[in-house]
Amino acid sequence: MRLRQQFLTRNDCYKAQRTITVKGVMVHSTGADNPRVCRYVPGDQELGTNTLGNHWDRPGLTKCVHAFVGKFADGEVGAVQTLPWEHRGWHAGGAANNTHIGFEICEDGLTDPVYFGKVYQEAAELTAMLCRQYGLDPLAEGVVLCHQEGYQRGVASNHADVLHWFPKMGKSMDDFRADVARLLEEDSGGGEGGEEDVTYEQWKAFMLRYRQELAAQEGPEYGREELAEAVERDITDGSRPEDLATRQEVISMVVRALDEDEKAK
Ligand SMILES: [Zn+2]
């Protein structure tokens, strides 16, 4: 995910300075053919620059969202956060403003599957990040919604987004929620209780990997002189000082040390 920040401090919504306890995320799309985020934010070199002054960082607007997903100046897709996440946004036209973070996906002509694939992925990653940050389950009832679903639940105004677009590209909001859940699971390495999902074979592979990690590490400062001395006296070869020692290795070191003592006598 490519996430930038440009708060819309001149928007009346920003100035209202109301906060919410985040209980979900609402996905919107802009309803206009302009995939560039700088249509909606003042922008800069990386985001692209709004030259018409029709961005949302100005007073007199009755709408404001927490982020936009769309094209940056280089033509690639990213997300720009436009309100603090816990700020109360004006995106739903209903009670969801009091509970949900809302972001807009910048629409294009709604016929390009390549652009759709990119913004869909970016939107899923952004939603997964927010679910992680606020401890939300994307599969739970009413947590991750699009604007139209919000309307059906009585918490948002009657807008079609994103159900006039996603299904055309073969995606439902259930797909989106499942993809967000998958991203969360990947990130947490199996999610809650994930340990139980590790097979014995996997555990052995992890253990081997862990030992290789340890073996690649240099030992701490203390004890280095003793280690050098032990190498000098041929008690150990001094390799992989941070790795675990087997019983045989320990015994070998002890016997060699005793032999050294015998010789010294
Ligand atoms: Zn909407």
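These lines cover the structure that appears in this document, whether it is placed above or below. (Residues numbered from 1 in each chain as written. Predicted model: local features only at pLDDT ≥ 70, side-chain atom pairs only at ≥ 80, totals over all residues. Heavy atoms only, no water.)

### Some words on the sheet that holds strand β7 (residues 100-105)
Pairing between the strands of a sheet comes from backbone hydrogen bonds, and it takes one of two forms, parallel or antiparallel. The six strands are arranged β1-β6-β5-β7-β2-β8 in an open sheet whose pairing can be described as mixed. Two strands in the sheet have a free side with no partner beyond their single neighbour: β1 (3-5) and β8 (144-146). For this sheet, the mean inter-axis angle between neighbouring strands, taken without regard to orientation, is 25 degrees. Where strand β5 (residues 67-71) lies against strand β6 (residues 77-81), five bridges are found, and the strand directions are antiparallel. (Pairing = 2+ DSSP bridges. Helix = DSSP H or I, 4+ residues; strand = E, 2+ residues; numbered from the N terminus. Axes fitted to C-alpha atoms, helices over the stretch in contact; angles between N-to-C directions.)

### Some words on the pattern of salt bridges
Applying the stated criterion across every chain yields a total of 20 salt bridges. As a salt-bridge pair, E46 and R4 come within 2.9 Å of each other at their nearest N and O atoms. Of this pair, E46 sits in the loop between β3 (43-44) and β4 (48-49) while R4 sits in strand β1, placing them 42 residues apart in sequence. Using a relative accessible area of 23% as the deciding quantity, one classes R4 as partly exposed. Across the pair R224 and E221 runs a salt bridge whose closest N-O atoms are separated by 3.7 Å. (Salt bridge = Lys/Arg side-chain N within 4 Å of Asp/Glu carboxyl O. Buried < 20%, exposed > 50% of the residue type's maximum accessible area, 1.4 Å probe, protein only.)

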